[in-house]
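Examination of the molecular architecture
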Amino acid sequence: MLHRLDSSRLVFTARRLAVAMLLTLVVAACGNKEAPYVERPVEDLYNNAMNAMAAQEWEAAAKGFDEVERQHPYSVWANKAQLMAAYSYYQKNMYSEAISAADRFIQLHPGSKETPYAYYLTAVCYYEQITDVGRDQKITQQALGALEEVVRRYPNSEYARDARLKIDLTRDHLAGKEMTIGRYYLRNNQQIAAINRFKTVIEKFQTTTHVPEALHRLAEAYMSLGILDEAQNVAAVLGYNYPGSEWYVDTYTLVTGQEVPTASSEKKSWWNIF
């Protein structure tokens, strides 16, 4: 049997639902603490960001420049603000944000006269994050790639000159990582793995400071495997290219069991011996 609904109960229930919905809206409004959007003149935004930069309040400056771009994306100030934001984030050591801002500038303004600086700033952000050789070197590879991009695109610029110096240091760092791993393998009698690492240094990082030691360690690995001919060949290369190196002295003794001949000796280098 059907019963009619009590109208007073229905009204009471509706009131309860209305109150609950109102409370939900109030709570949601209180939880949203984001400041309301207020459009301001581009000059005011830019000047405030510049003032923050002058006070070395880098994060505030970066966000101020971001706001210029957000509120006035088509103004002449927006282009400059993008690069200024990238620089401010860099000064705050907020490298990811700096790289993102610089990359955005490059994508939007590939032909700008400021674009070389954006490439250079990106490279420096990676470069300053390089860690010691005991850690993963992914960031070092990224730094090398970004620095080489600066040189490739703008070979005659002031940025390229500095990038070349940093490339040498970065490559030396990567070679150092290979040497660290190679020495580990050598200590643990994993000669083949060690040989591969030392060969990488010799072939891919020929201009770094690690090559003389890499040659010595390579000869050492061959000697431990009993491959005397290969050890002698490596030692000859070491003696020919680095005759004054301490690694030359050690390698000579390792392979021959003798001391390095004096300058008056008829046999003055590995090139003559082997």
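Scroll up a little and you will see the structure.
In short, a report on the structure. These numbers come from a predicted model, not from an experiment.

Our next topic: helix 5 (residues 95–108). In this model, helix 5 (14 residues) spans 20 Å end to end at C-alpha, consistent with the 20 Å of a helix rising 1.5 Å per residue. Buried residues of helix 5: Y95, A98, I99, A101, A102, F105 and I106, and no others. What you see down the axis of helix 5 is that its buried residues fit within an arc of 165°, all on one side. Facing away from the buried surface of helix 5 by more than 90 degrees, the exposed residues are S96 and Q107. Along its buried surface, helix 5 packs onto helix 4 (76–91) and helix 6 (115–127).

For the rest of this paragraph, the subject is the side chain of S245. In this structure, S245 sits in the loop between helix 11 (228–241) and helix 12 (246–256). Among the polar contacts listed, one links the side chain of S245 to the backbone nitrogen of W247, at a separation of 3.0 Å.

With that out of the way, let us pick up the packing of helix 5 against helix 6. Contact pair helix 5 / helix 6: the axes reach a minimum separation of 9 Å and the direction vectors enclose 155°. Considered as vectors, helix 5 and helix 6 are oriented roughly antiparallel to each other. Read as a crossing pair, helix 5 and helix 6 show a hand that is left-handed. Where helix 5 abuts helix 6, its residues Y95, A98, I99, A102, D103, F105 and I106 lie against T115, A118, Y119, T122, C125 and Y126.

What counts and how
- Residues numbered from 1 in each chain as written.
- Predicted model: local features only at pLDDT ≥ 70, side-chain atom pairs only at ≥ 80, totals over all residues.
- Heavy atoms only, no water.
- Helix = DSSP H or I, 4+ residues; strand = E, 2+ residues; numbered from the N terminus.
- Expected span 1.5 Å × (residues − 1).
- Buried < 20%, exposed > 50% of the residue type's maximum accessible area, 1.4 Å probe, protein only.
- Arc of directions from axis to C-beta.
- Contact = heavy atoms within 4.5 Å.
- Polar contact = N/O pair within 3.5 Å; in protein donor to acceptor, adjacent residues only side chain to side chain.
- Axes fitted to C-alpha atoms, helices over the stretch in contact; angles between N-to-C directions.
- Parallel < 35°, antiparallel > 145°, perpendicular 65-115°, else oblique.
- Left-handed = near helix turned anticlockwise from the far one by under 90°.

So, to be careful, I would describe these as geometric facts and stop short of saying anything about function.
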